[in-house]
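# Observations on chain architecture
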Amino acid sequence: PKNSSPEYLLSELSLPERILYVLNEFDAELQNGGIEQYFINSSRFNAHLISGYLEVVNALDIKLLFDEFVYTSKIDFDNLDHNIELDEELCCQFDDNYFAVDSLEDLLIEFIKKYNL
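Everything in this summary refers to the structure shown in the same document. (Residues numbered from 1 in each chain as written. Predicted model: local features only at pLDDT ≥ 70, side-chain atom pairs only at ≥ 80, totals over all residues. Heavy atoms only, no water.)

## A few points about the side chain of Ser-43
Residue placement: Ser-43 occurs in the loop between α2 (15-40) and α3 (47-56). Separated by 2.8 Å, the side chains of Ser-43 and Glu-29 make a polar contact. Ser-43 has contacts with Glu-25, Glu-29 and Tyr-38, leaving out every residue within four places of it along the chain. (Helix = DSSP H or I, 4+ residues; strand = E, 2+ residues; numbered from the N terminus. Polar contact = N/O pair within 3.5 Å; in protein donor to acceptor, adjacent residues only side chain to side chain. Contact = heavy atoms within 4.5 Å.)

## Let's talk about the side chain of Glu-29
Positionally, Glu-29 belongs in helix α2. Nearest to the buried, unbridged Glu-29 among oppositely charged side chains is Arg-44, at 8.5 Å. Glu-29 has contacts with Gly-34, Gln-37, Tyr-38, Asn-41 and Ser-43, leaving out every residue within four places of it along the chain. (Buried < 20%, exposed > 50% of the residue type's maximum accessible area, 1.4 Å probe, protein only. Lys, Arg positive; Asp, Glu negative; His and termini not counted. Salt bridge = Lys/Arg side-chain N within 4 Å of Asp/Glu carboxyl O.)

## As for unusual backbone geometry
A positive phi angle is found at Asn-58, which is not glycine, with a value near 65 degrees. Following the sequence through the fold, Asn-58 ends up in the loop between α3 and α4 (60-72). Even without being a glycine, Lys-74 presents a positive backbone phi close to 55 degrees. Within the secondary structure, Lys-74 sits in the loop between α4 and α5 (88-98). The class for Lys-74 is exposed, based on a relative accessible area of 73%.

## Quick notes on the packing of aromatic side chains
With the rule as written, the count across this model stands at 10 aromatic pairs. Aromatic pair Phe-26 and Tyr-38: ring centres 5.0 Å apart, planes at 90 degrees, arrangement edge-to-face. Take Phe-26 and Tyr-38: they sit in the same class, and that class is buried. Ring centres 4.8 Å apart and planes at 50 degrees place the aromatic pair Phe-111 and Tyr-115 in the tilted group. Placement of the pair is Phe-111 and Tyr-115 together in helix α6 (residues 104-115), with a separation of 4 residues, close to one helical turn. Classification of Phe-111 as buried rests on a relative accessible area of 6%. Residue Tyr-115 is classed as partly exposed on the basis of its relative accessible area, which comes to 37%. Taken together through their ring pairs, the aromatic side chains of Phe-26, Tyr-38, Phe-39, Phe-66, Phe-69, Phe-94, Tyr-98 and Phe-99 make up a single cluster. (Phe/Tyr/Trp six-rings, centres within 6.5 Å; stacked < 30°, edge-to-face > 60°.)

This is how it looks when you write it as structure tokens:
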């Protein structure tokens, strides 16, 4: 039987496809329920990829917000198996700032065009 774990399936994608998948999933979680939902749902297991991938698609404002949130919230990417205690005020600040900067969706559309995805 073929391996169908999320890690394996991601590894089967090209790097541009992987970047698109991970960042689209990140944006969808934020659109639906904010940063708190992202870190509650299973997509959080790709959190260690977000900062680098945001840089690749030139989402530097979002990268700065994410890096600051991770640092301030003391999120340990190696310990995401347990429920993370997130400060509600920090989550609200992140969400407000996320929706105030350039749209990740627009940047991903440019990325799709660049790589013919």
